[in-house]
Amino acid sequence: MPLPLIHWLYASGIPKYLRTGSDGKASWALVTGASDGIGLALSSELAARGFNVVIHGRNEAKLNRVREELAAAHPQRQFRSVTADASNFTSADIDRIVALVNDLPGQLTVLINNVGGTAPLSSNFKHFESTTPTEIEALFSLNVQFPLQLTRAILPRLAAQGKPTLVLTCGSGAQVGQPYVAAYSGCKGALHAWNRALFAEQAEAKTAVEILEVVVGPTYTQQLQKDPNLKAGLMMPTADVMAKAILARVGHGHRSVTPYFWHAFQDGLVYGLLPSSTADGIIAGMLKPMVEAKKE
């Protein structure tokens, strides 16, 4: 396993999850939240690396367009789509996704829990007391409940293969607890703890399932593009750049890793070297101009 400080220099381990069955059919990956942003970029990157891809989203029309675009860009690959609103899903939605996986012409070897974010909120950044009960419920469903329930349903199928498979979950640097994203931070903190526990369980059981959390920092996706104060740059890469960084970090036995070098560098400076009160003040100062005003 590469040392954490130099894993950016290692080649991606993604090829170990790509294999052709006795029937000549290639592996499949399932990517949640694949209608746009990092999920779409990951789907395209996986297809370019030889995987067939199941894309998940909540808008059927949009998802169908994305599937057609991916198929046109990667004519040698196969694509399937499945819809479910992760912020308000039922057990029947999970069952539908599992049924689709069971019917794939080939083995599913990669599950990417990418769906998440602050979409249920009226603003990306807001005071916690301004967050409504409905927003908190939807936020927890989107960022915690859906990935946990989906992974619980698919994990036995991955483990039963007895060969390398991958459960990759997109976490967030907000897991440390950041001002003005308190509810979201709580969700990502829960996801981080779950990933750590699941990694330990699979290691103890000596399965061939790799459990990996990638700690994703600010990325210039559709959600953040709505804010005129934000723009793409070195510290806020595009979704394509982030997707490449994520896939470059898999396959090395890490439990959790920050895939994008400059985010790791920044977090190391802010949270590793500074007192917590100073770090919190810096983050609060950066986000405060974008915070939704309290409603009287």
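About the thresholds
Residues numbered from 1 in each chain as written. Predicted model: local features only at pLDDT ≥ 70, side-chain atom pairs only at ≥ 80, totals over all residues. Heavy atoms only, no water. UniProt positions renumbered as here; feature names shortened; annotations may be inferred. Helix = DSSP H or I, 4+ residues; strand = E, 2+ residues; numbered from the N terminus. Rg over C-alpha atoms; globule rule 2.2 N^0.38 Å. Buried < 20%, exposed > 50% of the residue type's maximum accessible area, 1.4 Å probe, protein only. Contact = heavy atoms within 4.5 Å. Areas by Shrake-Rupley, 256 points an atom, 1.4 Å probe, with all protein chains shown as cover. Lys, Arg positive; Asp, Glu negative; His and termini not counted. Charge placed at Lys NZ, Arg CZ, Asp CG, Glu CD. Core = buried A, V, L, I, M, F, W, Y, C linked by side-chain atoms within 4.5 Å. Phe/Tyr/Trp six-rings, centres within 6.5 Å; stacked < 30°, edge-to-face > 60°. Lys NZ or Arg CZ within 6 Å of the ring centre and 35° of its normal. Pairing = 2+ DSSP bridges. Right-handed = clockwise from strand over helix to strand, strands pointing away. Axes fitted to C-alpha atoms, helices over the stretch in contact; angles between N-to-C directions. Parallel < 35°, antiparallel > 145°, perpendicular 65-115°, else oblique. Left-handed = near helix turned anticlockwise from the far one by under 90°. Nonpolar A, V, L, I, M, F, W, Y, C, P; charged D, E, K, R; others polar. Expected span 1.5 Å × (residues − 1).

- An unreviewed UniProt entry annotates the chain as NAD(P)-binding protein of Paraphoma chrysanthemicola.
- The record held by UniProt for the chain lists under Sequence similarities (unreviewed entry) the comment "Belongs to the short-chain dehydrogenases/reductases (SDR) family."

1. Overview of the overall build of the chain
For step 1, the next point in the chain: For the chain, the count of helices and strands is nine helices and seven strands.
For step 2, the next point in the chain: Since a compact globule built from 296 residues should have a radius of gyration of about 19 Å, the 19 Å found for the chain is in line with a globular shape.
For step 3, the next point in the chain: With the C-alpha coordinates of the chain rotated into their principal frame, the extents come out at 60 × 45 × 35 Å.
For step 4, the next point in the chain: Counting all 296 residues of the chain, 50% fall into the buried class.
For step 5, the next point in the chain: For the chain, long-range pairs separated by at least 24 residues make up 74% of all intrachain contacts whose partners lie at least 6 apart in sequence.
For step 6, the next point in the chain: Only carbon and sulfur atoms are counted for the fraction: they give 56% of the accessible area of the chain, which is about 13,900 Å².
For step 7, the next point in the chain: Of the side chains in the chain, 26 bear a positive and 23 a negative charge, and the two mean positions are spaced by 6 Å.

2. Focus on the nonpolar core
For step 1, the next point in the chain: L46, L168 and I246 are the most contacted members of the largest nonpolar core, which has 33 residues in total.
For step 2, the next point in the chain: Counting only elements with at least two residues in this core, the list comes to β1 (28-31), α1 (37-48), β2 (52-57), α2 (60-73), β4 (108-113), β5 (165-172), β6 (209-216) and α7 (239-248).
For step 3, the next point in the chain: Discounting chain neighbours no more than four positions away, the residues touching L46 are I14, A29, V31, F51, V53, I112 and L247.
For step 4, the next point in the chain: Judged by nonpolar contacts, the second largest core, of 28 residues, contains V54, A86, I94 and V101.

3. Here's the deal with the packing of aromatic side chains
For step 1, the next point in the chain: Applying the stated criterion across every chain, the model contains four aromatic pairs.
For step 2, the next point in the chain: A ring pair is formed by F261 and F265, whose centres lie 6.3 Å apart and whose planes are at 20°; its orientation type is stacked. Note that F261 and F265 are positioned in helix α8 (residues 261-273) at a spacing of four residues, about one turn of the helix.
For step 3, the next point in the chain: Considering the side-chain rings of W262 and F265, the 5.6 Å spacing of their centres and the 80° angle between planes classify their relative orientation as edge-to-face. Highlighted residues: W262 and F265, both in helix α8, separated by three residues, approximately one helical turn.
For step 4, the next point in the chain: Each member of the aromatic cluster is reached from another via a ring pair, and the members are F261, W262 and F265.
For step 5, the next point in the chain: One cation-aromatic arrangement involves R255 over F199; the distance from NZ or CZ to the ring centre is 5.9 Å.

4. Quick word on the pairing of β5
For step 1, the next point in the chain: Along β5, eight of the eight residues are buried, which leaves the element largely enclosed by surrounding structure.
For step 2, the next point in the chain: Burial along β5 is two-sided: the residues T165, V167, T169 and G171 and L166, L168, C170 and S172 are all buried.
For step 3, the next point in the chain: Judged from the four bridges that link them, β4 and β5 form a sheet pairing that is parallel. Bridging from a neighbouring strand, I112 pairs with L168 of β5.
For step 4, the next point in the chain: Read as a crossover between parallel neighbours, the route from β4 over helix α4 (residues 133-159) to β5 is right-handed.
For step 5, the next point in the chain: Direction of pairing for β5 relative to β6: parallel, over a ladder of eight bridges. Across the sheet, the residue bridging to C170 is V214, located in β6.
For step 6, the next point in the chain: Regarding topology, helix α5 (residues 182-205) serves as the crossover connection from β5 to the parallel β6, and that connection is right-handed.

5. So, the packing of α1 against α7
For step 1, the next point in the chain: Where α1 contacts α7, the axes come no closer than 8 Å and their chain directions differ by 55°. One element, α1, and the other, α7, form an angle in the oblique class. Along this stretch, α1 crosses α7, giving a crossing that reads as right-handed. When α1 is examined against α7, the residues G37, I38, A41, L42, E45 and L46 are found in contact with a partner set consisting of A239, D240, M242, A243, K244, I246 and L247.
For step 2, the next point in the chain: Across the contact of α1 with α7, the residue classes tally to nine nonpolar, one polar and three charged.

6. Overview of the sheet that holds strand β3 (residues 79-83)
For step 1, the next point in the chain: One open sheet holds the seven strands; their spatial order is β3-β2-β1-β4-β5-β6-β7, and the pairing between them is parallel. The open sheet is flanked by β3 and β7 (256-257), the only strands paired with a single partner.
For step 2, the next point in the chain: Packing against the sheet, α2 makes contact with β2 and β3, and its axis sits at approximately 170° to β3.

7. Here we look at helix α3 (residues 91-102)
For step 1, the next point in the chain: Between the first and last C-alpha of α3 there are 16 Å, a value that for 12 residues agrees with the 16 Å anticipated at 1.5 Å per step.
For step 2, the next point in the chain: On its buried face, α3 is in contact with β1, β2, β3, β4 and α4.

8. Quick notes on unusual backbone geometry
Both trends apply: most residues other than glycine have a negative phi, and most peptide bonds are in trans.
For step 1, the next point in the chain: Backbone geometry at Y180 places phi at a positive 75°, although glycine is not the residue there.
For step 2, the next point in the chain: Checked against the element boundaries, Y180 lands in the loop between β5 and α5.
For step 3, the next point in the chain: One non-glycine residue, K206, lies in positive phi territory at about 55°.
For step 4, the next point in the chain: Topologically, K206 is positioned in the loop between α5 and β6.

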